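Working through the structure, step by step
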Amino acid sequence: MIVYAVTGALLVALGLYGLIAARGLLRRVVAFNVVGSGVFLMFGALGWHAGSADPVPQALIITGIVVALSASALAVGLVVAYARATGRQVLEDDAE
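If you're wondering where the values come from, they're calculated on a predicted model, not measured in any experiment.

Basis of the calculations
- Residues numbered from 1 in each chain as written.
- Predicted model: local features only at pLDDT ≥ 70, side-chain atom pairs only at ≥ 80, totals over all residues.
- Heavy atoms only, no water.
- Helix = DSSP H or I, 4+ residues; strand = E, 2+ residues; numbered from the N terminus.
- Expected span 1.5 Å × (residues − 1).
- Buried < 20%, exposed > 50% of the residue type's maximum accessible area, 1.4 Å probe, protein only.
- Arc of directions from axis to C-beta.
- Contact = heavy atoms within 4.5 Å.

We now examine helix H1 (residues 2-21). Between its terminal C-alpha atoms H1 stretches 28 Å, which fits the 28 Å expected from 20 residues at 1.5 Å a residue. Along H1, the positions that sit buried rather than exposed are Ala 5, Gly 8, Val 12, Gly 15 and Gly 18. Angularly, the buried residues of H1 cover 140 degrees about the axis, an arc narrow enough to put them on a single face. Of the residues in H1, the exposed ones pointing more than 90 degrees away from the buried face are Ile 2, Val 3, Leu 10, Leu 14, Tyr 17 and Ile 20. Looking at the buried residues of H1, the elements they touch are helix H2 (25-46).

Dropping the structure here:
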């Protein structure tokens with residue numbers, strides 16, 4: 001199970017790098033989803049005890065996935081509305 005926890009940590013690190021390095025808003029939304037997936041993977045790996053799974057982390061992970069999907073849909077909708085209103089895909093501070 002340590003492999004899953006390490007993989008989750010790598011996903012979190014990769015997503016944080018994407019949040020910092022990406023200029024486009026949709027890329028930042030995807031990077032935030034990668035961070036969330038890494039957290040879910042780490043939480044699931046750490047919730048595994050000696051060959052039996054604890055149902056509480058599993059229920060929290062399933063709930064988190066549903067909330068993350070809803071938040072992602074809202075974020076994409078806001079990015080699309082911002083792009084239509086301003087004609088840009090990056091924030092003003094990020095533009096050169």
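Secondary-structure assignment places Gly 47 in the loop between H2 and strand E1 (48-49). Gly 47 gets classed as buried once you look at its relative accessible area, which sits at 8%. Excluding anything up to four places from it in sequence, Gly 47 contacts Asp 54 and Pro 57.

These values are about where atoms sit, not about what they do.
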